[in-house]
Amino acid sequence: MIATQLSAAASDATASQDVDGLAGFMVDLMERLGLVGAAIAVGMDNLFPPIPSEIVLPMAGFAASQGTFSLAGALFATTAGSVIGACILYWLGRLFGRERTAWIFVHTPLLKLSDLEKTEYWFAKHGTKAVFFGRMVPIFRSLISIPAGVEQMRFGVFFVLTTIGSLIWNSIFVIAGYQLGEQWHRIEPYSDWFQRLVILAVVVVMMWFVISRLLEIRRDRREIDPAS
């Protein structure tokens with residue numbers, strides 16, 4: 001039943017988008033496993049950010065609108081997948097630890113141990129907000145779990161913030177898919193635009209960091225050797 005409904009929806013979407021490759025694999029996973037497949041697909045989105053949860057979430061909403069499972073079931077399954085994926089990254093960060101992270105900062109060009117210390121100070125002050133709101137930002141919803149683990153944020157706090165943030169983000173797409181029905185694919189252009197905006201912001205920040213650090217190194221060298 002679910003395979004027929006989702007396949008029909010994917011076929012209707014083909015006129016305006018190409019549901020293939022990684023997205024097609026995620027849709028097929030959901031066709032075969034239902035809510036379990038949706039949970040796995042969304043969980044994998046946390047571990048591998050290129051996986052398009054913005055395809056899976058509206059699909060789960062569409063399937064709920066067809067009576068395959070309840071809307072509450074779709075929200076529960078997708079949120080469970082998000083939380084499980086985030087928890088895996090959290091514990092990986094916690095096992096990796098502060099000492100190994102410090103070693104990377106010391107031995108990576110353009111990075112300093114003071115950068116890690118500043119990051120730790122910032123996370124100690126704003127970590128709860130970062131974890132909560134980070135669940136609603138593409139790319140960051142995967143990455144934010146790692147520093148939370150490295151900085152040993154209390155797991156109970158991390159779990160609650162991640163669950164609430166994931167539920168809010170997933171609800172937007174699942175309910176939109178539920179309301180739009182077979183037109184669920186109209187959501188993707190907006191999510192793509194938002195994701196590109198986030199990526200652009202990250203690139204700009206990284207460029208600013210590299211340029212400012214190179215200028216800082218050059219200034220330090222001139223202070224040591226004015227003739228250089």
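For clarity, every value in this text was computed on a predicted model and none was experimentally measured.

**Student:** Can you help me understand the overall build of the protein in this one?
**Tutor:** The helix and strand tally for the protein stands at ten helices and zero strands. Here the protein holds 228 residues, and 43% of them are scored as buried. Partitioning the contacts of the protein with sequence separation of at least 6, the portion at a separation of at least 24 is 76%. With the model as given, the accessible surface of the protein reaches about 12,600 Å², and the carbon-plus-sulfur share is 69%.

**Student:** Mind showing me how you'd approach the side chain of E120 here?
**Tutor:** Mapped onto the fold, E120 is located in helix 6 (residues 113–134). Residue E120 is classed as buried on the basis of its relative accessible area of 16%. Dropping the residues within four chain positions of it, E120 is found in contact with R98 and E151.

**Student:** Which parts of the structure should I look at to understand the confidence of the model for the protein?
**Tutor:** Note that predicted coordinates carrying low pLDDT should not be read in detail. Across the protein, the average pLDDT comes to 76, with 72% of residues at or above 70. Predicted confidence in the protein is weakest over helix 1 (residues 2–13), with a mean pLDDT of 49, and strongest over helix 9 (residues 155–180), with 91.

**Student:** Looking at this model, I keep getting lost on the packing of helix 5 (residues 71–107) against helix 6. Mind explaining?
**Tutor:** When two helices pack together, their arrangement is given by the angle between the helix axes and the distance between those axes. Running from N to C, helix 5 and helix 6 point in directions that differ by 135°, and their axes come no closer than 8 Å. As summarised for this structure, helix 5 and helix 6 are arranged oblique, according to the angle between their axes. Counted together, R98, T101, A102, F105 and V106 of helix 5 and L113, D115, L116, E117 and E120 of helix 6 form the full contact between these two elements. Within the contact of helix 5 with helix 6, the residues separate by chemical class into five nonpolar, one polar and four charged.

**Student:** When you look at the nonpolar core in this model, what are you seeing that I'm missing?
**Tutor:** Side chains of nonpolar character tend, in soluble globular proteins, to be buried together. Of all hydrophobic cores here, the largest spans 31 residues; its most connected members are M30, V131, A148 and F158. Broken down by secondary-structure element, the contributors of at least two residues to this core are helix 2 (21–33), helix 3 (35–47), helix 4 (53–65), helix 5, helix 6 and helix 9. For V131, the residues in contact, after removing those within four places along its chain, are F123, I144, A148, M153, F158, L161 and T162.

**Student:** I keep staring at helix 6 and nothing clicks. Help me out?
**Tutor:** Side chains of residues three or four places apart in an α-helix project in the same direction, reflecting 3.6 residues per turn. With 22 residues, helix 6 should cover 32 Å at 1.5 Å per step; its first-to-last C-alpha distance of 24 Å lies more than 12% under that length. A maximum bend of about 75° is found in helix 6 at H126. All of the buried residues along helix 6 are D115, L116, E120, F123, G127, A130, V131, F132 and G134.

**Student:** Would you take a moment to explain the packing of helix 6 against helix 9 for this structure?
**Tutor:** Running from amino to carboxyl end, helix 6 crosses helix 9 at an angle of 35°, the nearest separation of the two axes being 7 Å. Note on packing geometry: the crossing formed by helix 6 with helix 9 is right-handed. Here helix 6 contributes T128, V131 and F132 to the contact with helix 9, which in turn contributes V157, F158, L161, T162, I164, G165 and I168. Split by residue class, the contact of helix 6 with helix 9 holds seven nonpolar, three polar and no charged.

**Student:** For this particular structure, what's the right way to read the environment of R100?
**Tutor:** Residue position: R100 is located in helix 5. We classify R100 as partly exposed; its relative accessible area is 49%. Separated by 50 residues in the primary sequence, R100 and V150 have C-alpha atoms spaced 9.6 Å apart. A polar atom in the side chain of R100 sits 3.2 Å from the backbone oxygen of L95.

**Student:** What's the story with the packing of aromatic side chains in this structure? I'm lost.
**Tutor:** If you walk through the whole model with that rule in mind, you get eight aromatic pairs. An angle of 50° between the planes, with centres 5.4 Å apart, marks the rings of Y90 and F155 as tilted. Here Y90 is found in helix 5, whereas its partner F155 is found in helix 9, with 65 residues between them in sequence. Overall, Y90 belongs to the buried group, its relative accessible area being 0%.

**Student:** Even after reading the chapter, I still don't get the environment of A39, so can you show me in this structure?
**Tutor:** As for its placement among the helices and strands, A39 is situated in helix 3. Exposure remark for A39: the relative accessible area of 19% places this residue in the buried category. With ten residues separating them in the primary sequence, A39 and L29 have C-alpha atoms 10.0 Å apart. If sequence neighbours within four positions are ignored, A39 has contacts with A77 and G81.

**Student:** Before we go on, may I ask you to explain a nonpolar patch on the surface in this structure?
**Tutor:** Judged by side-chain polarity, L47, F48, I84, I88 and L92 come together as a nonpolar surface patch covering roughly 460 Å² of accessible area. Counting residues per element, the nonpolar patch draws most heavily on helix 5, which supplies three residues. When you line up the elements, I88 lands in helix 5.

Thresholds applied
Residues numbered from 1 in each chain as written. Predicted model: local features only at pLDDT ≥ 70, side-chain atom pairs only at ≥ 80, totals over all residues. Heavy atoms only, no water. Helix = DSSP H or I, 4+ residues; strand = E, 2+ residues; numbered from the N terminus. Buried < 20%, exposed > 50% of the residue type's maximum accessible area, 1.4 Å probe, protein only. Contact = heavy atoms within 4.5 Å. Areas by Shrake-Rupley, 256 points an atom, 1.4 Å probe, with all protein chains shown as cover. pLDDT = per-residue confidence, 0-100. Axes fitted to C-alpha atoms, helices over the stretch in contact; angles between N-to-C directions. Parallel < 35°, antiparallel > 145°, perpendicular 65-115°, else oblique. Nonpolar A, V, L, I, M, F, W, Y, C, P; charged D, E, K, R; others polar. Core = buried A, V, L, I, M, F, W, Y, C linked by side-chain atoms within 4.5 Å. Expected span 1.5 Å × (residues − 1). Bend = angle between axes of the 7 residues up to and from the residue. Left-handed = near helix turned anticlockwise from the far one by under 90°. Polar contact = N/O pair within 3.5 Å; in protein donor to acceptor, adjacent residues only side chain to side chain. Phe/Tyr/Trp six-rings, centres within 6.5 Å; stacked < 30°, edge-to-face > 60°. Patch = residues over 30% accessible without salt bridge, like charges linked within 9 Å, V, L, I, M, F, W, Y side chains within 5 Å. Salt bridge = Lys/Arg side-chain N within 4 Å of Asp/Glu carboxyl O.

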